[in-house]
Amino acid sequence: MKTSRRCEGTERSGPLRSHPPDRISSVCVDWPVVGRSDELAALDALAEEVLSGRTRVVQLQGPAGFGKSTLLHFWLDRVRQFNVLRVRCPRLESEFAFGTVRRLLRPLMAAASDSDRLSLLEGAGETALRLLDPEGCQNGLSEACADAAETLRSLDTLVFRLSRRQPLLLAVDDLQWIDPPSLRWLARLVHRAETHPILVAATTRTGERPEPGQPFSALLHPSTCRTLVLGPLGARGVEELVGAVLGGPRPDPSFSAACHAATDGNPLFLRALLWDALGSGVEATSADQEKIRSFGLRTVSREIGHRLSNASEDMADLARGLAILGDHMPPTLLAAYCGKGEAVIRSAAAELHSSGLLRAGDDLCFVHPVVREVVLGEWPAQEVGEAHARAAHVLHLSGRPDEEVAAHLLAAGPVPGSWVLTVLRRAAEKALRRGAPQMAVTYLRHAVHQQVQPGEGASLLVQLAVAASHYDCALAMSYGTAALESLTDELARFEVVCVLAYSHLLSSGAQARVPDLDRLTADLSKRADAASTGREAALRAYALRYWLEFEHPGIPTDAAASGAVLDAELAGNTPGERQLLAIRAFNAVRAARPASGITETVERICVNPPPFSHELFPLHYFLAQSLLYLDELERAEDLCARLSREARQKGLELATSSLLVYRAAVWLRRGDIKEAAAAARAASEGTLTAGELPHRMTLDAIRIDTLLELGDLHAAEQIAEAYSSPGPAAVSREWPRFLMSLAALRTAQGDLRAGLSLLRECGHHLESAGTVNPAIAPWRSRAAAAHRALGNHGEARALIEQELDLARRCQIPRALGVALLAAGTATDGARGLAQLAEAASLLEGTPADLELARALYHYGSALLRRDDKRGARTALRRGLGIAVRRGGCALATRLNRRLHDAGGRLGSRGADSRTLTTSEERVAALAVQGCSNKQIAERLFVSLRTVETHLTGVYRKLHISGRSELGAVLGGTSFRGRADTSLTGSRSPCGK
């Protein structure tokens, strides 16, 4: 059958170029598609996905007049590999059952020959025949739709058959007006098609959706649908359209910029403007750029001005009041602003409506924003500012929300009256509470320029520092430093110092400020000690000082004073005591004290923890660190989730980013490389309003660790290249942690001596800071492995003994398991095997899944050396299952190779140990090498369904989700080579 590649269910409503409106249709100008290269590239990419055998949906979304239909049909005209069926959904036909489907598919059936029509409809059922056959549509259409399930099944059969002949593209314009039965069928089709090459392309108008909503949401679900939101044209797109419409040489940039500024890139407004410019003989030159402002809606503007000039005084006053106060204001407020009675306002509203400037109804609203612009354009700027000041006062007296009043104050300039400062400060507080710190800073900056009483300026700067610390550390430190110069109140000074410390420790490149902060916190502590009621303030001040010392060990602080406070008796009844308890707990973790006693302290802190704040940030910070290294990861996740929620609610942008890094650390601690990599990527790709990401070095250390586990040494090296060794005074808490990751990278690259040197430096910094717990940094066991590889067995044994002693002392199972693993790999014979077995047993009860997989690798290898192949296979298979499930590709590859050495074939983990069949192995091997299902079927001379069945069996047996994990499991196995030689002899069975 010869089918038309493009069958249209209605007349083309969105051609390559749209024609001018009737009022100037004599002007022969076509509208080109400009400024949509990104969208076209995305559409092409989706088409390629579908051509590989996948069903996809793409939605072009945007307001009316933004060129959705034009873009869709322009792209459809470029597509060559698809059988394109297109339809537009008229608003009035949304009640016609299967109306969209009929107009979409009937033209195809009408163009087909009798034999082809019968072939297509064979087995599709009588309902599809009655629904789509042009000759049968006369007879009992209602009967064709009577059995909805049968109709849907018949339509599925028909469309699947079409897609097997040629990839199918169903284009639905104005999807928001589709009839419900057609919508249900499309939603069903997308989720049933799976591997059929079908692409559904739809346009939707922003803010509108059909009923019922559930099929609409299912059709456009992100799992199968890519949504492309069409925004205004950019400067480049405007320039291209100007050149295409006005012709001549390349438009002057200033002229195009004026067009862009006049329309904000709105395609609808831009076209209206260019029509007027074209009809007036304007050229795209710099000399004519000023003229452009008078085009587009100038006729409307002139008419509005004429009507207002002939209006009554009451109508003119109402128009000005509505222009200043905004639409939807109650008549009582407009009456108060205009100084007239409410009855007068209602009469003026009727007159304004009769003039065509006000919408119908009780809700007072201009018919178009241009009316407001014309009204405001009649006033000098100074009078507009005075009008906003009057509006602010009226709204304030009427009890309107502070932020509504503040909006007019921002437009008014300085306004006399003490109420102004009160309104702006309250508006800033409310903005902070709803998570809008930048708006709060805007209000407070305006407040600084108002008339303030003596002493109020400093308190405003404090409030500014707090608001700015949510998103801009440098700005917060600037305001805080300025506030300290004139503040005398101790509580206010303490609040500023907390903000300064918080801002410093979440920023980068502010090392020079640390001594000043230590001096300030020491001064606060002395003042609090001297006061009879200052114990709580003293505790909080010491908490800040300890935090600074921990983050920057190279900066000297009064350690003796801090130690005395930390050793004091603390009940944990006040926030200050809880902060010191949190520090005490983390100090104990660092010193490798028994975990049981530390856990009791942590329990006391976790009872009704206070909400997140600047003053209490050390409490949450050290509590989070203790939970992380005690392996209380469930609690750590709960704490992170609660703090993230509170930080987002308060608009604490920097704290939220910091917690993303912590979440990545938790996932890495679990050994879940896939989740850790995803969390690190989310943190790394996050954008901040100002400054750099907090804890960047820790994040990059996590990224290096995850990339090493994924086997991507090149990407890890790219991250490491950005760092160089800091000076002794600039060493931060993050640097030793980064050195461990860098050492792991150098070791993986084969440079054992460089790795060992980095581990020694890491250990030096940690021990200098009092951190000896191997649960925090197992640098000794890693250095021991490097010593052994270099032949330094004595040094290796000494380091292992040190780590074993510290691990037994801290009583953290992970730390002891890792130390025993190092000892077992360094010890021959039965003793070494026993240590490896004990390491695996200990790690079994911890969340350290990847460490357990590593222990099973070494234990299985030791069993293999003793010729216990059966026991080796059991351990290695179990380790392989864990590594694959957690995304540890590099470790999984090593486990897989060792399993092959033990004579094992890949199988599922757990009770069901069935192995892969020979056919499954061959299909899986080709999939690893990049072959598509279709290519595999062709190489092995089997059906596509057979390939899909084998792959499903492979995924099930290996407990993996898809192709992305096959590489880790199958890499390096002998049957991969067998798959190559069993085919045509080519090295690349997929022809790549």
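No experiment lies behind these values; they were computed from the predicted model shown. (Residues numbered from 1 in each chain as written. Predicted model: local features only at pLDDT ≥ 70, side-chain atom pairs only at ≥ 80, totals over all residues. Heavy atoms only, no water.)

Moving on to the overall build of the chain. Counting its regular elements, the chain contains 49 helices and six strands. Looking at the chain residue by residue over its 992 residues, the buried ones come to 53%. At a minimum sequence separation of 6, the contacts of the chain that also span at least 24 residues come to 69%. Looking at the chain as shown, the accessible area adds up to about 43,400 Å², and 51% of this sits on carbon and sulfur atoms. (Helix = DSSP H or I, 4+ residues; strand = E, 2+ residues; numbered from the N terminus. Buried < 20%, exposed > 50% of the residue type's maximum accessible area, 1.4 Å probe, protein only. Contact = heavy atoms within 4.5 Å. Areas by Shrake-Rupley, 256 points an atom, 1.4 Å probe, with all protein chains shown as cover.)

Below, the discussion takes up the packing of helix α29 (residues 595–606) against helix α30 (residues 617–629). The N-to-C vectors of α29 and α30 enclose an angle of 140 degrees; their axes lie 11 Å apart at closest approach. Taken together, α29 and α30 sit at an angle that is classed as oblique. You can see that α29 and α30 cross each other, and the crossing is left-handed. Side by side, α29 and α30 meet where Val602, Ile605 and Cys606 of the first sit next to Leu619, Leu623, Ser626 and Leu627 of the second. A class-by-class count of the residues in the contact of α29 with α30 yields six nonpolar, one polar and no charged. (Axes fitted to C-alpha atoms, helices over the stretch in contact; angles between N-to-C directions. Parallel < 35°, antiparallel > 145°, perpendicular 65-115°, else oblique. Left-handed = near helix turned anticlockwise from the far one by under 90°. Nonpolar A, V, L, I, M, F, W, Y, C, P; charged D, E, K, R; others polar.)

Right, let's talk about the packing of aromatic side chains for a bit. Where two aromatic rings form a pair, the distance of their centres and the angle of their planes describe that pair. All told, the structure shown has four aromatic pairs when counted by the stated rule. Ring centres of Tyr621 and Phe622 lie 5.2 Å apart, and the angle between their planes is 90 degrees; on these two criteria the pair is classed as edge-to-face. The residues Tyr621 and Phe622 share a single accessibility class, namely buried. Ring geometry for Trp735 and Phe738: centres 5.8 Å apart, planes at 20 degrees, overall stacked. (Phe/Tyr/Trp six-rings, centres within 6.5 Å; stacked < 30°, edge-to-face > 60°.)

Leu409, Phe622 and Trp779 are the most contacted members of the largest nonpolar core, which totals 223 residues. In terms of residues, this core owes the most to one element, helix α24 (residues 490–505), which gives ten residues. Leu105, Leu162, Leu189 and Ala193 belong to the second largest nonpolar core, which has 39 residues in total. (Core = buried A, V, L, I, M, F, W, Y, C linked by side-chain atoms within 4.5 Å.)

This part covers helix α18 (residues 381–397). An α-helical turn contains 3.6 residues, so any two residues separated by three or four positions project in the same direction. Relative to the 24 Å expected for 17 residues at 1.5 Å per residue, α18 spans 25 Å between its end C-alpha atoms, a close match to the ideal helical length. Within the sequence span of α18, burial applies to Val384, Gly385, Ala387, His388, Ala389, Ala391, Ala392, Val394 and Leu395. Phi for Gly399, located one or two positions after α18, is positive at around 80 degrees. (Expected span 1.5 Å × (residues − 1).)

The next point concerns the pattern of salt bridges. Applying the stated criterion across every chain, the model contains 33 salt bridges. When the shortest N-O distance is used, the salt bridge between Arg188 and Asp156 registers 2.6 Å. Of this pair, Arg188 sits in helix α8 (residues 180–193) while Asp156 sits in helix α7 (residues 148–165); the two residues are 32 residues apart in sequence, bridging distant segments of the chain. According to the relative accessible area criterion, Arg188 is partly exposed, its value standing at 26%. With its nearest N and O atoms 3.2 Å apart, the salt bridge here joins Glu709 to Arg854. Separated by 145 residues along the polypeptide, Glu709 in helix α34 (residues 696–710) and Arg854 in helix α42 (residues 849–865) bring together distant segments of the chain. (Salt bridge = Lys/Arg side-chain N within 4 Å of Asp/Glu carboxyl O.)

The subject of this paragraph is the pairing of strand β3 (residues 83–88). The element β3 is largely enclosed, with a buried count of five among its six residues. With six bridges joining them, β3 and strand β4 (residues 168–173) adopt parallel strand pairing. In the sheet register, Val84 faces β4, and the bridge partner there is Leu169. (Pairing = 2+ DSSP bridges.)

This part covers helix α22 (residues 456–468). Along its 13 residues, α22 runs 18 Å from first to last C-alpha, staying within 8% of the 18 Å computed at 1.5 Å per residue. A large share of α22 lies buried, amounting to ten of its 13 residues. Turning to α22, its buried residues number three or more, namely Ala458, Leu460, Leu461, Val462, Gln463, Leu464, Ala465, Val466, Ala467 and Ala468. Buried positions along α22 lie against α20 (418–433), α21 (437–448), α23 (473–484) and α24.

The topology assignment puts Ser741 in helix α36 (residues 734–748). Take Ser741: its relative accessible area is 0%, and that puts it in the buried class. Not counting the four nearest positions on each side in its chain, Ser741 is found in contact with Ala701, Ile704, Asp705 and Leu708.

This next bit is on the confidence of the model for the chain. Averaged over all residues, the pLDDT of the chain equals 80, while 81% of them reach at least 70. Segment residues 1–29 is flagged for pLDDT under 50; beyond a separation of four residues in sequence, or across chains, it makes 73 contacts in the model. When the criterion is pLDDT under 50, residues 907–914 qualifies, and its contacts beyond four places in sequence or with other chains add up to 17 contacts. (pLDDT = per-residue confidence, 0-100.)

This part is about unusual backbone geometry. The backbone of Asp174 shows a phi angle near 60 degrees, a positive value even though the residue is not glycine. The phi dihedral of Gln811 is positive, around 60 degrees, even though this residue is not glycine. Tracing the sequence through the fold places Gln811 in the loop between α39 (793–810) and α40 (813–826). With a relative accessible area of 45%, Gln811 lands in the partly exposed category.

The axes of two packed helices give the description: the angle between them and the distance between them. Interaxial distance between α18 and α20 falls to 12 Å at its minimum, and their mutual angle equals 75 degrees. The angle between the axes of α18 and α20 places the two elements in the roughly perpendicular class. In this structure, α18 contributes Ala392, His393 and His396 to the contact, and α20 contributes Trp419, Val423 and Arg426. Class assignment of the residues belonging to the contact of α18 with α20 gives a composition of three nonpolar, two polar and one charged.

Time to look at the environment of Ala743. Position of Ala743 among the secondary structure elements: in helix α36. Judged by relative accessible area, which is 1%, Ala743 ranks as buried. Between the C-alpha atom of Ala743 and that of Arg760, which follows or precedes it by 17 residues, the distance is 9.7 Å. In contact with Ala743, other than residues within four places in its own chain, are Gly755, Leu758 and Leu759.

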